[in-house]
Amino acid sequence: MYRKQLLTRYFAEWVDTYKRGAVTSITLNKYLMTLRHLEELAPEVTLGELNRLEYQRILNDFAKTHERQTVMDFHHQVKAAIADAVDEGVLRRDPTRKAVVKGKQPRAKRPKYLNQFELRAMLANLQLDDDHLNDYLLLLVAKTGLRFGEALGLTPNDIDFQMQQINVEKTWNYKDPKGGFAPTKNPSSRRKVRMDWSLSMHLKHLCVGRDPNKPIFVVEGKRVFNATVNNRLETICRKCSVPVITVHGLRHTHASLLLYAGVSVASVAKRLGHANMTTTQMTYLHVIKELEAKDTDKIMQFLSTL
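Residues numbered from 1 in each chain as written. Predicted model: local features only at pLDDT ≥ 70, side-chain atom pairs only at ≥ 80, totals over all residues. Heavy atoms only, no water.

**A look at the nonpolar core**
Stage number 1. Formed by 42 residues in total, the largest nonpolar core has its most connected members in Met 122, Leu 140, Leu 152, Leu 203, Phe 217 and Leu 250.
Stage number 2. When contributions to this core are tallied by element, the ones reaching two or more residues are helix H5 (116–124), helix H6 (133–144), helix H7 (148–152), strand E2 (165–168), helix H8 (197–207), helix H9 (226–239) and helix H10 (247–260).
Stage number 3. It is H6 that contributes the most residues to this core, 8 residues altogether.
Stage number 4. Contacts of Phe 217, omitting those with residues within four sequence positions, involve Leu 133, Tyr 136, Leu 137, Leu 140, Ala 151, Leu 152, Leu 203, Leu 206 and Val 224. (Core = buried A, V, L, I, M, F, W, Y, C linked by side-chain atoms within 4.5 Å. Buried < 20%, exposed > 50% of the residue type's maximum accessible area, 1.4 Å probe, protein only. Helix = DSSP H or I, 4+ residues; strand = E, 2+ residues; numbered from the N terminus. Contact = heavy atoms within 4.5 Å.)

So, in structure tokens, the structure goes:
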């Protein structure tokens, strides 16, 4: 009976049973996007027809128009559902076993972060006045490493000016046209982030006369688009002749500069709200390797003095 069920229907029921309500809306949307791709690539394929050859065909067709990392994400989501079908005895063998993940050549990568001098130049070109609210947002992300959604979800009540710290307890669902507050990415993302006096003064100015429970950077009735803020950042970067990065790149910049300054990986992970240090280590492996090379030189210099 189950072997005659369409692959797309099984995947849809699997997502509804195991993922809906258990993952964030953003993650759920990724699974639903995978479902739409399956509906395009294999609309008539049943579970009984899904052998290794057929599954590889689906992957190959998807890889024709997507980069390898995107194909890998698609593969992992479908594979998870198929693994359950095997466990339940619906399939005798796993058709995703030894699948070959292909994909288009990735586009030329844009810089992910700025160095200290480039960041200073960018910050110096921000227009911090009432007509440029997004510039304050860029300053906030650059100096705290907050995620875009976390920064948008910030309210005056979330800022302790006496302690000079920001209490990150929620995000703003900017991908939904209706907006609204949403939970943080993970429990570790609920954190307290210290800020310097200069940022504290700028935020205090923004909070004057505002509703303490409403987002500082979301003007009533207006949706904030990630692309709009990125475009503003691009304009500033080009004006001061530094590499063009994204708002998320400012978060990378913040973390990278802290690591270069000698801040421990553990402290950076906590400040960024990473679930564990492994995430931080893998994300900033290039920085850590560079610092390790410098440490090796220091070790050799020290040992030569003994």
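From this point, the discussion proceeds with the structure in view.
**Quick notes on the environment of Pro 187**
Stage number 1. Relative to the helices and strands, Pro 187 resides in the loop between strand E4 (181–182) and strand E5 (191–194).
Stage number 2. Note: C-alpha distance between Pro 187 and Gly 273 (86 residues apart in sequence) is 8.5 Å.

**Focus: the packing of H10 against helix H13 (residues 285–303)**
Stage number 1. The N-to-C vectors of H10 and H13 enclose an angle of 15 degrees; their axes lie 10 Å apart at closest approach. When the interaxial angle is binned, H10 and H13 end up roughly parallel. As H10 packs across H13, the resulting crossing turns out to be right-handed. Contacts between H10 and H13 involve Ser 256, Leu 259 and Tyr 260 on the former and, on the latter, Val 287, Glu 290 and Leu 291.
Stage number 2. In terms of residue class, the contact of H10 with H13 is made up of 4 nonpolar, 1 polar and 1 charged. (Axes fitted to C-alpha atoms, helices over the stretch in contact; angles between N-to-C directions. Parallel < 35°, antiparallel > 145°, perpendicular 65-115°, else oblique. Left-handed = near helix turned anticlockwise from the far one by under 90°. Nonpolar A, V, L, I, M, F, W, Y, C, P; charged D, E, K, R; others polar.)

**Some thoughts on the side chain of Asp 135**
Stage number 1. With respect to the helices and strands, Asp 135 occurs in helix H6.
Stage number 2. Separated by 2.7 Å, the side chain of Asp 135 and the backbone nitrogen of Gln 127 make a polar contact.
Stage number 3. Setting aside residues up to four positions removed in sequence, Asp 135 forms contacts with Leu 126, Gln 127, Leu 128, Arg 232 and Ile 236. (Polar contact = N/O pair within 3.5 Å; in protein donor to acceptor, adjacent residues only side chain to side chain.)

**A closer look at the pairing of E5**
Stage number 1. Across the two faces of E5 the burial differs, with Arg 191 and Val 193 buried and Lys 192 and Arg 194 not buried at all.
Stage number 2. With 4 bridges connecting them, E2 and E5 associate as antiparallel partners. When the bridges of E5 are listed, Ile 166 appears paired with Val 193. (Pairing = 2+ DSSP bridges.)

**Comments concerning the pairing of E2**
Stage number 1. Every second residue of E2 is oriented toward a common face, with Gln 165 and Asn 167 on one face and Ile 166 and Val 168 on the other, all of them buried.
Stage number 2. The turn linking strand E1 (residues 159–160) back onto E2 is made up of 4 residues, and Gln 164 within it adopts a positive phi angle of 55 degrees.

**Structural notes on the side chain of Thr 171**
Stage number 1. Within the secondary structure, Thr 171 is located in strand E3 (residues 171–172).
Stage number 2. A polar side-chain atom of Thr 171 sits 3.2 Å from the main-chain carbonyl oxygen of Pro 183.
Stage number 3. Discounting chain neighbours no more than four positions away, the residues touching Thr 171 are Gly 149, Glu 150, Gly 153, Gly 180, Phe 181, Ala 182, Pro 183 and Thr 184.

**Brief notes about the pattern of salt bridges**
Stage number 1. In this structure the tally under the stated criterion is 13 salt bridges.
Stage number 2. Taking the shortest distance from any N to any O, the salt bridge between Glu 13 and Arg 9 comes out at 3.2 Å. A residue pair is termed a helical-turn pair when its members lie 3 or 4 positions apart in one helix, as Glu 13 and Arg 9 do in helix H1 (residues 7–18) at 4 residues.
Stage number 3. Classification of Arg 9 by relative accessible area gives exposed; the value is 53%. (Salt bridge = Lys/Arg side-chain N within 4 Å of Asp/Glu carboxyl O.)

**Side note on the sheet that holds E2**
Stage number 1. Pairing is antiparallel in the open sheet, where 3 strands are placed in the order E1-E2-E5. Unpaired on one side and paired on the other, E1 and E5 mark the two borders of the sheet.

**Observations regarding a nonpolar patch on the surface**
Stage number 1. A contiguous nonpolar patch, built from Ile 299, Met 300, Phe 302, Leu 303 and Leu 306 and spanning about 550 Å² of accessible area, is present on the exposed surface.
Stage number 2. Summarising the element assignment, Leu 303 is placed in helix H13. (Patch = residues over 30% accessible without salt bridge, like charges linked within 9 Å, V, L, I, M, F, W, Y side chains within 5 Å. Areas by Shrake-Rupley, 256 points an atom, 1.4 Å probe, with all protein chains shown as cover.)

**Quick look at a positive patch on the surface**
Stage number 1. Side chains of Arg 3, Arg 52, Arg 92, Arg 93, Arg 97 and Lys 98 sit close together on the surface and give a patch of like positive charge.
Stage number 2. One can find Arg 3 in the segment before H1.
Stage number 3. A residue is classified by how much of its surface remains accessible, and Arg 3, at 33% relative accessible area, is partly exposed. (Lys, Arg positive; Asp, Glu negative; His and termini not counted. Charge placed at Lys NZ, Arg CZ, Asp CG, Glu CD.)

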